[in-house]
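Below are the chains, spelled out letter by letter.
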Amino acid sequence: NAAVSGELRQALASNLADSRRIYSNWVTHPKNLAPKPGDHPLESLFLDHDGKLRNPLTASLSWPHSMNNLHQCLENLDKLKETTEEAFEEYFPSEGPDKDKRVMFEHCISALAATKSDLEQLHANQCKDGLNILKLHLRPMLEPLDKLDYNISEAQYADFQVNDPFAKAFNSQAEVIHQHIKAVLNPVSAEEVMQQMAEQTCRRIEKAALSKRFSLMGALQFESDVRAICSFFTNVSEQALRHKFARLFEMSSLLNLENVDELREISTEMRTWRLAPDEIRKLITSRSDFDASEEQIDRLLPY
């Protein structure tokens, strides 16, 4: 365990830090996210300024390889723990003459588990760092959201159905990133990056929604945008992530209310929502065409 928590962890962390600097510069170029068919997805990363293969070529030059090494280490620790426990049970049964040695063994297993937990945290932090690097290619796709007007007429809504304001372009660029990380990272790391991308995207859209005015047509468009982005992340993820969109779907439900009677129908349900009372109020009052007095809203909203 000392070797894993000491020398091995230090080597893994050092390779990750060195390779992240190189990778972050390399991946800023859009062409490196989508190489030509048949080319290795990291081929140009392995070349020096003269176009020659770097020598020696080590994990310290490739962040994806350093990440894959870290994940493989975690898998190996699981196998080591399982194999060791099985062997110990065979040679030192709980009722055998050497049962007093079990305390020392369990201490060693606990230390190994603590080391694994530390490496898992390192992996989680690196996935966040990787996403922060790749977000450079996503930010331009979300910029239209800041200027997007959801206080629209039926004619404008019809135009948005033909000329998608931002969701389609966002999904297209997110798919490019997804294909890249799927090609260069192990499935577990790639999934973690996509899960974090989904979560951060939701927070970004939530923040924008709370600053806007909506018409009923705009609310329909907002719901369409949320569903399109949720559908993308659901399709590319192995693990469930629809819960990350729960607040956005609550926002959509509120914004799509047509009158006070509909607000009254969901008033009890709202008490279990993830949206805070002040956020619910802000969204209801952001509807430019919702006919209700402040007194009616106060009576129905949770406190």
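Just above, that's the structure.
Predicted model only: the values in this text are computed from it and were never measured.

(A) Layout of the overall build of the protein. For the protein, the count of helices and strands is 13 helices and 0 strands. Listing each helix as α and each strand as β along the protein from the N terminus yields α-α-α-α-α-α-α-α-α-α-α-α-α. The C-alpha radius of gyration of the protein comes to 26 Å, more than 25% above the 19 Å expected for a compact globule of 303 residues. If you line up the protein on its principal axes, its C-alpha atoms span 80 × 65 × 25 Å. For the protein, the residues scored as buried account for 43% of the 303 residues in total. A separation of at least 24 residues holds for 74% of the contacts in the protein among residues at least 6 apart in sequence. Carbon together with sulfur atoms contributes 51% to the accessible area of the protein, which is approximately 16600 Å² in total.

(B) Seen up close, unusual backbone geometry. Cis geometry is found at the peptide bond from Asn 55 to Pro 56, where omega equals 0°. Mapping Pro 56 onto the fold places it in the loop between helix 2 (30-33) and helix 3 (63-91).

(C) Structural detail: the packing of aromatic side chains. What the rule picks out here adds up to 8 aromatic pairs. Ring centres of Tyr 150 and Phe 222 lie 5.7 Å apart, and the angle between their planes is 90°; this geometry places the pair in the edge-to-face category. Note that Tyr 150 is positioned in the loop between helix 5 (139-147) and helix 6 (154-162) and Phe 222 in helix 9 (residues 216-236), a separation of 72 residues in sequence. Look at Tyr 150 and you get buried, because its relative accessible area is 1%. For Phe 222, a relative accessible area of 1% translates into the label buried. Site record: aromatic cluster; members linked through ring pairs are Phe 170, Phe 232, Phe 233 and Phe 245.

Basis of the calculations
Residues numbered from 1 in each chain as written. Predicted model: local features only at pLDDT ≥ 70, side-chain atom pairs only at ≥ 80, totals over all residues. Heavy atoms only, no water. Helix = DSSP H or I, 4+ residues; strand = E, 2+ residues; numbered from the N terminus. Rg over C-alpha atoms; globule rule 2.2 N^0.38 Å. Buried < 20%, exposed > 50% of the residue type's maximum accessible area, 1.4 Å probe, protein only. Contact = heavy atoms within 4.5 Å. Areas by Shrake-Rupley, 256 points an atom, 1.4 Å probe, with all protein chains shown as cover. Phe/Tyr/Trp six-rings, centres within 6.5 Å; stacked < 30°, edge-to-face > 60°.

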